[in-house]
Amino acid sequence: MRIAALDDDTLQLELFTRALADMGHVCHAYATGAALLKDLRRETFDLLIVDWQLPDIQGPEIVDWVRRHLGSELPILFVTNRQEERDIVQGLACGADDFMVKPVRVGELMARIQALLRRAYPSSTKEGVLEFGRYRFLPATRSLEMDGVPVELKAREYELALFLFQNIGRLLSRDHLREIIWGHSAEVISRSLDTHISRLRSLLDLRPSNGYMITAVYGVGYRFETIKPIPGEAAPEGGAPSR
């Protein structure tokens with residue numbers, strides 16, 4: 001998962017980064033609310049960790065902005081020195097999903113993050129076979145079947161397809177997709193991602209008449225959606241995709 005952590009304490013950010021790395025996630029650290037809000041306008045994350053008292057914008061204002069502009073789906077965890085009951089009530093009332101009081105206990109932090117991710121992205125945390133209509137993912141063998149017929153995919157094509165299906169309906173930034181598929185430090189040219197998306201459209205027959213669409217969102221990234229088939233245009237019979 002791709003997680004943003006906001007705290008003006010460098011040591012606290014280092015703790016978050018190490019804990020998330022141990023969980024297999026990537027942490028993007030921010031020391032000011034303005035820096036995080038700037039990136040939230042063009043980047044996407046799977047979870048936010050937010051401090052309350054910051055040098056510029058207070059944590060509740062950050063959470064309120066996220067809820068007004070990005071909706072209620074993105075899980076948010078407050079991690080703060082504020083510990084009065086009224087603070088906890090205000091933090092949850094402004095839109096946060098959970099609240100932790102410093103000093104942070106790493107084991108508890110990891111458990112709370114895992115619980116939030118499990119609730120927000122149930123298909124991403126499931127083990128075993130994953131089915132999405134006519135598409136069947138087998139993580140144990142890193143293979144995909146369409147209508148029961150195996151589809152030949154390269155390793156990154158499989159990872160990208162699985163990630164898109166696990167995030168149906170979400171807008172995902174280009175950096176988010178590149179980071180998840182190619183790694184945090186990978187320098188991948190933009191054209192490579194576009195090529196992989198194009199190949200998946202063809203290989204998996206992802207088109208409106210088949211109930212799926214990958215839409216490019218200018219300046220941000222891609223959104224993979226399920227849609228109602230166009231009336232009068234039937235999907236092809238059998239498992240072979242149209243060419």
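Since this is a predicted model, take the numbers as computed values, not measurements.

*Asks:* What is the right way to read the overall build of the protein chain from this model?
*Replies:* Within the protein chain one finds nine helices and 12 strands. Evaluated residue by residue, the protein chain yields a buried proportion of 48% over its 243 residues. Considering only residue pairs separated by 6 or more positions, the protein chain has 59% of its internal contacts joining residues 24 or more positions apart. Of the roughly 12400 Å² of accessible surface on the protein chain, 51% is carried by carbon and sulfur atoms.

*Asks:* Explanation requested: a negative patch on the surface in the structure shown.
*Replies:* Where like charges cluster on the molecular surface, the negative patch consists of Asp8, Asp9, Glu14 and Asp56. Tracing the sequence through the fold places Asp9 in the loop between β1 (2-6) and α1 (10-22). Note on Asp9: relative accessible area 34%, which makes it partly exposed.

*Asks:* I'm lost on the sheet that holds strand β4 (residues 76-80) in this one. Help?
*Replies:* Backbone hydrogen bonds hold the strands of a sheet together, and the pairing may be parallel or antiparallel. In space, the five strands of this open sheet follow the order β2-β1-β3-β4-β5, with parallel pairing throughout. Each edge of the open sheet carries a strand with a single partner, namely β2 (26-30) and β5 (98-101). This sheet shows a mean twist of 20° between the axes of neighbouring strands, independent of strand direction. Helix α3 (residues 59-70) contacts β1, β3 (47-50) and β4 of the sheet and is inclined by roughly 175° relative to β4.

*Asks:* Please explain the packing of α1 against helix α5 (residues 106-120) as it appears in this structure.
*Replies:* Geometrically, a packed helix pair is captured by the angle between its two axes and the distance between the axes. Contact geometry of α1 with α5 gives a least axis separation of 10 Å together with a crossing angle of 60°. By the angle between their directions, the pair α1 and α5 is classed as oblique. Between α1 and α5 lies a crossing of right-handed hand. Of the residues in α5, those in contact with Leu15, Phe16, Ala19, Leu20 and Asp22 of α1 are Val106, Leu109, Met110 and Ile113. Among the residues forming the contact of α1 with α5, the class breakdown is eight nonpolar, no polar and one charged.

Rules behind the numbers
Residues numbered from 1 in each chain as written. Predicted model: local features only at pLDDT ≥ 70, side-chain atom pairs only at ≥ 80, totals over all residues. Heavy atoms only, no water. Helix = DSSP H or I, 4+ residues; strand = E, 2+ residues; numbered from the N terminus. Buried < 20%, exposed > 50% of the residue type's maximum accessible area, 1.4 Å probe, protein only. Contact = heavy atoms within 4.5 Å. Areas by Shrake-Rupley, 256 points an atom, 1.4 Å probe, with all protein chains shown as cover. Patch = residues over 30% accessible without salt bridge, like charges linked within 9 Å, V, L, I, M, F, W, Y side chains within 5 Å. Salt bridge = Lys/Arg side-chain N within 4 Å of Asp/Glu carboxyl O. Lys, Arg positive; Asp, Glu negative; His and termini not counted. Charge placed at Lys NZ, Arg CZ, Asp CG, Glu CD. Pairing = 2+ DSSP bridges. Axes fitted to C-alpha atoms, helices over the stretch in contact; angles between N-to-C directions. Parallel < 35°, antiparallel > 145°, perpendicular 65-115°, else oblique. Left-handed = near helix turned anticlockwise from the far one by under 90°. Nonpolar A, V, L, I, M, F, W, Y, C, P; charged D, E, K, R; others polar.

In short, shape yes, function no, at least from these values alone.
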